[in-house]
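Remarks on the overall topology
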Amino acid sequence: MIHGTVPISQDVEHPTVIARLVSILSPGIPVSMAKAAAGTDNPATPTAVRIVVAGDRGTGKSSLIVTAATENFPANVPPLLPPTRLPEDFYPERVPITIIDTSSRPEDNSKVAEELKRADAIVLTYACDQPQTLDRLSTFWLPKLRQLEVKVPVIVVGCRLDLRDENQQVSLEQVMSPIMQQFREIETCIECSAFKHIQIPEVFYYAQKAVLHPTGPLFDQETQTLKDQCVRALKRIFILCDHDRDGALSDAELNDFQVKCFNAPLQPSEIVGVKRVVQEKLPEGVNERGLTLTGFLFLHALFIEKGRLETTWTVLRKFGYNNDIRLADELIPSPTKRTPDQSVEMTNEAIDFLRVTFDVFDSDEDGALRPRELDELFSTAPASPFSEFPYTDAAERNAFGGLSLDGFLSQWALMTLLNPASTMENLIYIGYPGDVSSTIRVTRKRRLDRKKQQSERNVFQCFVFGPKKAGKSALLDSFLGRPFSDNYNPNTEERYAVNVVDQPGGIKKTLVLREIPEDGVSKLLSSKEALAACDIAVFVHDSSDELSWTRATQLLVEVASHGEDTGFEVPCLIVAAKDDMDSFPSAIQHSTRVSQDMGTEAPIPISTKLGDLNNLFRKIVSAAEHPHLSIPETEAGRSRKQYHRLINRSLMVVSVGAAVAIVGLAAYRVYAARKNASG
């Protein structure tokens, strides 16, 4: 039997010391598979395993399954077995296994392919007495799995070991090593005999183990090192266990870690033994304060090297990680349900935590997080969220690529607006100490803001519309403090820019600009709720180009009409860009007419080339803060309002007339009653 994991370095001797080390750090997980750890009380642990057995005809698939399930070699085996279930107590992990047999008939190829795609692990069989079936693994079966894009652990099993010719005995490692080098998905290779009951339970134990404790997410076979995702997770765990934050696990902290993960304390002599093993091989793994992060990672590398992946997986799952080495969904609260015209913002608690975190990681104290400092901040997360679209290029950076505090908080504000679950997840990764659900809040409905004539939001989203070459991208660049460029680079995708805008009285608001390419407007407005998330819309045109103005006003009418039809009206501002150039001849006349007809403010002239922005961003925020103003009205919308006023007035007249009639009838009845009484 050989495994996919191979030694990290060939100079690691001390097998007895390492065996003792394994038993010390994971007493519930001794080498014997009969005493393997359960570890299924964690929500990140798979609750069932589906193993599909495939291979050429006559390689012993069905006999292998029957013998494993019944512990008896079958005299007669049907061509295809029904799904076979091994009870949860069959192996110590207490995870039930379903074994799927597959047909060898060519006409069933499509069914076999479907089963392979549904597998958690695959057992590929060959017959030890038929060498050609071994060759078929690398020429047919393993390439077939890749063709089907099946990416699950593979266990290669040589069946019928008792029938192999004694004169053809070969080394399993010698035969399989080249195949395993070519096909890294192979987790383990083992040979067995159903007839003589040789290593039958082990086959499905290792298949189950490959699912519950996979090698792939933890270890890079090419470089013989822990994978980056694994290192990041273990680093976070180390920091969480380093209660005094001194960069090392003291004896007490190491013992607490042991109890949390394995429910058993360490004896003082065992702690000394652990640190001695590390220090002998890696002096920097231990210092006067205890086990360092380097030493902690080295220990896990040793466990994996020795095929003891369950030890590292037990640790990861105790801290909530799933098989993708991400926090399990159950540990991340779902954002509070909200209507389309509500948004999500960070609370003061979250912002205060991020301010402190910023100061901690600003190691050179220059008031900005340089790329290396930002990478260190997110070194306990699967990756920096700011390295992904749409956050990558969305905030202002200095000449060294550093984020100021405002830029840093703006990035988080944008992520919270677009994906609040990601904000909560990343706050957990970087060490938020409290209930992460308290880090976000849902804002008031925008419709209610319009009724109250005031918005209480701290983050405003502005949709930026305009025709090609109007200056939309230049506007976003200027918002981020970037120099003007004469080079025109057409933007065909939506883009975000976010920054803090200082308002009168020292108040800070966060403004998100969302650039909508001209070609994307129709797609955007195809959704009824397209404008629900919009606090204000800006329409940019080239003030020197009459066609640009015409198209911008068309877009304004389209957006205004959509808002009137759906009830999601938004304030709108018109921006006359390229003010450094001569306006087209009838610009003033056209702009005056549109402003009067639609009830909007006059266009705001700006020049990004000259850096004259005319306080545009402050005006955008001010208009968003008073959402009942600056709402354009189309002719159709005006007619609709007049119609509704007429209907309401008519209903009021009818209602008043009916009320007068009722009062008159009541008065007549009183009069009649009194007359009868007096008579």
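Residues numbered from 1 in each chain as written. Predicted model: local features only at pLDDT ≥ 70, side-chain atom pairs only at ≥ 80, totals over all residues. Heavy atoms only, no water.

1. Description of the overall build of the protein chain
Put simply, the rule is: We count a stretch as a helix when DSSP gives it H or I for four or more residues in a row; a strand needs E for two or more, and each element gets its number in order from the N terminus. Note on contacts: a residue pair qualifies if any of its non-hydrogen atoms lie within 4.5 Å across the two residues. Per-residue and other accessible areas were derived by the Shrake-Rupley procedure at a 1.4 Å probe size, with only the shown protein chains allowed to occlude residues.
Across its full length, the protein chain holds 22 helices and 22 strands. Excluding contacts between residues fewer than 6 apart, the proportion of contacts in the protein chain whose partners are at least 24 apart in sequence is 73%. Total accessible area on the protein chain is roughly 32700 Å²; 52% of this is exposed by carbon and sulfur atoms.

2. Describing a positive patch on the surface
So the rule is basically this: Only residues above 30% relative accessible area that lack a salt bridge enter a patch, with like-charged residues linked at up to 9 Å and the nonpolar side chains Val, Leu, Ile, Met, Phe, Trp and Tyr linked at up to 5 Å. The term salt bridge refers to a pairing of a side-chain nitrogen on Lys or Arg with a carboxyl oxygen on Asp or Glu at a separation within 4 Å. Neither His nor the chain termini are counted; the positive set is Lys and Arg, and the negative set is Asp and Glu. To locate a charge, the coordinates of NZ of Lys, CZ of Arg, CG of Asp or CD of Glu are taken. Relative accessibility thresholds used throughout: buried, under 20% of the residue-type maximum; exposed, over 50%; partly exposed, between the two (1.4 Å probe, protein chains only).
On the surface, a cluster of positive charge is made up of Lys445, Arg447, Lys451 and Lys528. Along the chain, Lys451 turns up in helix H16 (residues 446–452). With a relative accessible area of 71%, Lys451 lands in the exposed category.

3. Quick look at the pairing of strand S17 (residues 459–465)
Spelled out, the test is: At least two DSSP bridges between two strands are required for those strands to pair.
Counting buried residues along S17, 7 of its 7 residues qualify, which places the element largely inside the surrounding structure. Of the two faces of S17, both are covered, the one formed by Val459, Gln461, Phe463 and Phe465 as well as the one formed by Phe460, Cys462 and Val464. Across 6 bridges, the pairing between S17 and strand S19 (residues 507–515) is parallel. Paired with Val464 across the strands is Glu515, a residue of S19.

4. What about the sheet that holds strand S11 (residues 286–287)?
With antiparallel pairing, the 3 strands of this open sheet are ordered in space as S10-S12-S11. Here the strands that pair on one side only, and so sit at the sheet edges, are strand S10 (248–249) and S11. Where S11 meets strand S12 (residues 290–292), 2 bridges bridge the pair, whose relative direction is antiparallel. Looking at S12, one finds that Asn287 is bridged to Gly290.

5. A few points about the packing of aromatic side chains
The line we're drawing: Pairing of aromatic rings covers Phe, Tyr and Trp, the last counted by its six-membered ring, and requires centre-to-centre distances within 6.5 Å; plane angles under 30 degrees mean stacked, over 60 mean edge-to-face, and any other angle means tilted. Charge-over-ring placement is defined geometrically: NZ (Lys) or CZ (Arg) within 6 Å of the ring centre, and within 35 degrees of the ring normal.
Following the criterion strictly, the structure yields 17 aromatic pairs and no others. A centroid spacing of 5.4 Å and a plane angle of 75° characterise the contact between Phe257 and Phe296, whose relative ring orientation is edge-to-face. With Phe257 in helix H8 (residues 251–262) and Phe296 in helix H10 (residues 293–305), this pair connects stretches of sequence that are 39 residues apart. Phe296 shares its class with Phe257; the two are buried. Counting every residue linked through ring pairs, the aromatic cluster contains Phe358, Phe378, Phe386, Phe408 and Trp412. A cation over a ring is seen here: Lys260 above Phe319, with NZ or CZ 4.9 Å from the ring centre. The ring centre of Phe463 lies 4.6 Å from the NZ or CZ of Arg514, which sits over that ring.

6. A word on the nonpolar core
For clarity, the threshold we go by: Nine residue types can take part in a nonpolar core, namely buried Ala, Val, Leu, Ile, Met, Phe, Trp, Tyr and Cys, and a core is a set of them joined through side-chain atoms within 4.5 Å.
Within the largest apolar cluster, 73 residues are counted, with the highest numbers of intra-cluster contacts made by Ile237, Phe408 and Trp412. Take this core: its biggest share by element is 8 residues, from H10. Leave out the neighbours within four places in its chain, and Ile237 touches Phe257, Phe296, Val315, Leu316, Phe319 and Tyr321. If you look at the next biggest cluster of nonpolar residues, it comprises 30 residues, including Ile65, Tyr91, Ile97 and Leu212.

7. A word on the UniProt feature "domain: EF-hand" (unreviewed entry) in the protein chain
Our working rule: UniProt positions are given in the numbering used here, feature names are shortened, and annotations may be inferred rather than shown by experiment.
Mapped onto the present numbering, the UniProt feature "domain: EF-hand" (unreviewed entry) falls on residues 349–384. In residues 349–384, the share of helix is 56% and the share of strand is 6%. The end C-alpha atoms are 22 Å apart.

8. A word on the environment of Met598
Following the sequence through the fold, Met598 ends up in helix H20 (residues 587–598). Linking Met598 and Glu635, residues 37 residues apart in sequence, is a C-alpha distance of 7.9 Å. Beyond its immediate stretch of four places on either side in the chain, Met598 contacts Leu556, Val557, Ala560, Ile631, Pro632, Glu633, Thr634 and Arg638.

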